[in-house]
Amino acid sequence: MKRIPFALAALSLAILAGCNKAPQSTSTDTSNTNTMQTQQTEKPVSAVAPIAKKVPHEMTIHGDTRIDDYYWLRDDERKAPDVISYLNAENAYTEAMLAHTQTLQDKLFEELKGRIKKDDDSVPVKKGDYFYSSQTRGENEYPTYVRSSDFKGTDQQVILDVNALAKDHDYFAVSGLSVSTNGNLMAYGEDTVSRRIYTIKVKDLTTGQLLEDTLEGTNGGVIWANDNKTFYYIKKDAQTLLGYQVFRHTLGTPQSDDELIYEEADTSYYTGISKSKDGSEIYIWHSSTNASGMSVLSADDNKAKPKRLIEREDDLEYSISKLGNTYYIVTNLNAVNFQLMKVDVDKAHDKANWQTVIAPRDNIKLEGVDLFKDYLVYQERELGQSRLIVRHLSTGDEHTLSFNDSAYTIASYGNNDINSDKLRVYYTSMTTPVSSYDIDLKSGDKTLLKQQAVLGDFNADNYASERIFVNARDGIKVPVSLVYRKDTFKKDGTNPLLQYGYGSYGATMDPTFSSSRLSLLDRGFVFAIAHVRGSQMLGRPWYEDGKLLTKKNTFNDFVDVTKSLVAQGYGAKDEIFAYGGSAGGLLMGAVVNQAPELYKGVVAAVPFVDVVTTMLDASIPLTTNEYGEWGNPNEKEYYDYMLSYSPYDQVSKQAYPNMLVTTGLHDSQVQYFEPAKWVAKLRDYKTDDNKLLFKIDMEAGHGGASGRFKRLEDTALNYAFMLDLAGIKK
């Protein structure tokens, strides 16, 4: 799992489901003089910024020695008294410094919650003989998963009540709900710590009882073989959290007897598993930053051994979809922006047999395909906008699915029936709530199944969105998506503006709707997404130009977008805010080092800021398998380049914006000690009196609090921090 924001990482789970505790703070422990020093002040101790002790730690490589005064804040067990005391002191300080915003936080929380329909059902998705969906009810934090023999849900059966499972846990997450081929059994994963290490359990859906099978240390997902008694799962390395082993489990046997059928020896690769749409094959996915491949085994043979489709090659990426005896292959073979090829299943091992179906194009990226008996649906992106095109396989006739918004997000989901004549799609824009459509593949006619309800006085006509391009310092045009409320937007440089960015892993942050965001727009904010290099907004070259030794383009683009938006009057020069999370937190850290004067306030969520130290430590999750993204600092060229932008290493004696930094103690993607060290060093170096606040969720990980309402508390806090700085008190 890459350092990707939780919202994006969870999107696939939300789509499969049908679309749709704040930490306790304690006062500073001033008795532990070895932990921190307390500034002399007349303020109450809880309102005094914690000053972390300095314990010099030398790190030498390539003849260069770095001194890390705050390395001691790393505690892999998360139990060291001095570390916990320091984190609790930071929470107490943040609480004290934001106490005057509590009324605003409470108002925002009720506002955010008030827009959510409490009793809500997702759109049923058909798989096998059943229609599956999720329900949320009343004040429940978690969904209940149900199924029925028809779309209307006339004979609904509860298959998993997550609220009942979560009642005794501060944090709870389920993953990978997977029903056996005959529909009688369901496997799922449980995580009660937020480290994304799941325990798999199996439920008999005919009796409602759990089987004795319990599998520890997994990534939470399973793929069933067709005998309904065998399934495959991925086990994680306990230290690095890398899923690298694929096991075959037979019901009724202990986990110790499970058969290891594949082990990934190359730590630069991620491992995944899936099943073909026709149910005949099981796939093991091999994916690194620069290459990908697949191994195949029969779903009908519970003794099958995986076989590589072709041998892996550096810089070759491909994925397959099966239709009858043909593989359709999306690949970058001789195609920077990918092409679609096909081949007979029994001839796939030789690339010379692959035949082009959709040729590569310089300015259009092929993003994926969905196959049906008579139709091919493919998704492509041009000038930053994705679109879906339906092709009749026999005639070759095509039609493009059309929508009203000028910029939007669209994806197919839940299309499990290869014989279907309808396509299910997920659709949203910055002014259009999440919507589910069924589309007739022959005619293109759309049927709206559901649009997410937004309670209160929401009217989409009150808001407007734009897609513009701005010039970066090297002459490249960077796309920007904007949304604002029409009656508060003046484009005269008086509106406060929040700019968001990410720009890593090729992850493209398309424009989507957020009911929470309305609380900012209704108070006069403009919201902007800077589609900086490092994503694939403008195709694969856009990604390649924002990684490894071109990574600084990501940061420069973000800064240049800010300057342009101010110059064009979209935002007030003294009221600009920035937000980024995870690898986007790295973006925030680099930006405040480069151009702190541009921003009044910055929120850095679970930020990846100690780039060099982390990427030199193979014991830390997401290190060796991300050399292709950031570079391997064991090589001097990459070490020097990474060091030149690493936010933690580049903190300097200068004024910084007001900053709110957040993390989770159990974060598995960006370890809590990265932002902890960063905040400690910023406190020591910064020359201003601006706020520097650090909030640690002592129960959660990378995704923050679990539960649909608990997460809103974090959003309310972030918004209150910015609104208070903007002088908006209610």
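Cut-off values and rules
- Residues numbered from 1 in each chain as written.
- Predicted model: local features only at pLDDT ≥ 70, side-chain atom pairs only at ≥ 80, totals over all residues.
- Heavy atoms only, no water.
- Helix = DSSP H or I, 4+ residues; strand = E, 2+ residues; numbered from the N terminus.
- Rg over C-alpha atoms; globule rule 2.2 N^0.38 Å.
- Areas by Shrake-Rupley, 256 points an atom, 1.4 Å probe, with all protein chains shown as cover.
- Lys, Arg positive; Asp, Glu negative; His and termini not counted.
- Charge placed at Lys NZ, Arg CZ, Asp CG, Glu CD.
- Axes fitted to C-alpha atoms, helices over the stretch in contact; angles between N-to-C directions.
- Parallel < 35°, antiparallel > 145°, perpendicular 65-115°, else oblique.
- Left-handed = near helix turned anticlockwise from the far one by under 90°.
- Contact = heavy atoms within 4.5 Å.
- Pairing = 2+ DSSP bridges.
- Core = buried A, V, L, I, M, F, W, Y, C linked by side-chain atoms within 4.5 Å.
- Buried < 20%, exposed > 50% of the residue type's maximum accessible area, 1.4 Å probe, protein only.
- Salt bridge = Lys/Arg side-chain N within 4 Å of Asp/Glu carboxyl O.
- Phe/Tyr/Trp six-rings, centres within 6.5 Å; stacked < 30°, edge-to-face > 60°.
- Lys NZ or Arg CZ within 6 Å of the ring centre and 35° of its normal.
- Expected span 1.5 Å × (residues − 1).
- Arc of directions from axis to C-beta.
- Nonpolar A, V, L, I, M, F, W, Y, C, P; charged D, E, K, R; others polar.
- pLDDT = per-residue confidence, 0-100.

Across its full length, the protein holds 14 helices and 40 strands. Computed over the C-alpha atoms, the radius of gyration of the protein is 25 Å, within 12% of the 27 Å expected from 2.2 N^0.38 for a compact globule of 730 residues. Overall, the C-alpha framework of the protein stretches about 75 × 60 × 55 Å when taken along its three principal axes. Summing over all exposed atoms, the protein offers an accessible surface of approximately 28800 Å²; the carbon and sulfur share of this is 47%. Averaging the coordinates of the 81 positive side-chain charges in the protein and doing the same for the 99 negative ones gives two points 3 Å apart.

Attention shifts here to the packing of helix α4 (residues 102-114) against helix α14 (residues 710-725). In contact at an axis separation of 8 Å, α4 and α14 are set at 130° when each is read in the N-to-C sense. Here α14 runs oblique to α4, going by the angle between their axes. In the packing of α4 onto α14, the handedness of the crossing is right-handed. Residue-level inspection shows L104, Q105, L108, F109, L112 and K113 of α4 in contact with α14, the latter providing L712, E713, T715, A716, L717, Y719, A720 and L723.

Glancing now at the sheet that holds strand β30 (residues 422-428). Taken together, the four strands give an open sheet; going across it, the order is β29-β30-β31-β32, and neighbouring strands pair in antiparallel fashion. Across the chains shown, the open sheet's two edge strands, defined by having one partner strand only, are β29 (409-412) and β32 (446-451). Strand after strand, the sheet turns through a mean of 25° between neighbouring axes, direction not considered. Relative to β30, β29 is paired through four bridges, and the arrangement is antiparallel.

Now for the nonpolar core. Residues L87, F558, L565, Y599, W630 and W678 are the most contacted members of the largest nonpolar core, which totals 116 residues. Counting residues per element, this core draws most heavily on α14, which supplies nine residues. Contact partners of L87, with chain neighbours within four places excluded, come to L665, Y672, A676, F694, I696 and M698.

Before going further, it helps to spend a moment on the pattern of salt bridges. For the structure shown, the criterion picks out 44 salt bridges. Here E111 ties to R115 by a salt bridge, and the two come within 3.4 Å at their closest N and O atoms. Note on R115: relative accessible area 9%, which makes it buried. Its salt-bridge partner being D724, residue K729 comes within 2.7 Å of it at the nearest N-O pair. Residue classification places D724 among the buried residues on the basis of a relative accessible area of 11%. Within the structure, one salt-bridge network assembled from shared partners comprises E317, R540, E544 and K547.

For the rest of this paragraph, the subject is the packing of aromatic side chains. A full pass over the atoms with the stated rule returns 24 aromatic pairs. A centroid spacing of 5.7 Å and a plane angle of 20° characterise the contact between Y233 and F247, whose relative ring orientation is stacked. With Y233 in strand β14 (residues 230-236) and F247 in strand β15 (residues 243-250), the pair connects residues that are 14 residues apart, well separated along the chain. The same class applies to Y233 and to F247, which are both buried. Taken together, a centroid distance of 5.8 Å and an interplanar angle of 55° make the contact between F403 and Y408 tilted. Across the pair, exposure class does not vary: F403 and Y408 are buried alike. Chaining the aromatic ring pairs together yields one cluster made of W224, F231, Y233 and F247. K126 extends its terminal NZ or CZ atom over the ring of F131, reaching a point 5.9 Å from the ring centre.

With 13 residues, α4 should cover 18 Å at 1.5 Å per step; its first-to-last C-alpha distance of 18 Å lies within 8% of that length. Those residues of α4 lying buried are L104, Q105, L108, F109, L112 and K113. The buried side chains of α4 occupy one side of the element, clustering within an arc of 160° when seen end-on. Against α6 (518-521) and α14 lie the buried residues of α4.

Side chains three or four residues apart in an α-helix point the same way, a direct result of the helix having 3.6 residues per turn. Relative to the 16 Å expected for 12 residues at 1.5 Å per residue, helix α9 (residues 583-594) spans 17 Å between its end C-alpha atoms, a close match to the ideal helical length. With 11 of 12 residues buried, α9 lies mostly within the body of the structure. Residues of α9 that are buried: A583, G584, G585, L586, L587, M588, G589, A590, V591, V592 and N593.

With that settled, the discussion passes to the packing of helix α8 (residues 552-567) against α9. It is at 9 Å that the axes of α8 and α9 come closest, and there the two elements cross at 65°. One finds that α8 runs roughly perpendicular with respect to α9. Viewed along their axes, α8 and α9 form a crossing whose handedness is right-handed. Here T554, F555, N556, F558 and V559 of α8 lie close against α9, whose contacting residues are L586, L587, M588, A590, V591 and Q594. The class makeup of the residues in the contact of α8 with α9 is eight nonpolar, three polar and no charged.

We now examine the confidence of the model for the protein. When pLDDT is averaged along the protein, the result is 91, and 92% of the positions lie at 70 or above. Overall, residues 6-45 carries pLDDT values under 50, and its contacts beyond four positions in sequence, including any with other chains, amount to 82 contacts.

Let us look at the sheet that holds strand β12 (residues 198-204). Pairing in this open sheet of seven strands is antiparallel, and the strands run β10-β11-β12-β13-β14-β15-β16 from one edge to the other. Taken across any chain shown, the strands that pair with only one partner, and hence form the sheet edges, are β10 (173-179) and β16 (259-263). The average angle at which neighbouring strand axes cross in this sheet is 35°, direction not considered. As paired strands, β10 and strand β11 (residues 185-191) are joined by five bridges and run antiparallel to one another. Each bridged residue has a counterpart across the sheet, and for V179 the counterpart in β11 is M186.

On to the pairing of strand β8 (residues 144-148). Of all the five residues making up β8, five are buried; the element is thus mostly covered by neighbouring parts of the structure. Residues T144, V146 and S148 line one face of β8 and the alternating positions Y145 and R147 line the opposite face, and both faces are buried. Sheet analysis places strand β7 (residues 130-136) next to β8, joined by five bridges and oriented antiparallel. Note on β8: the bridge partner recorded for S133 is V146.

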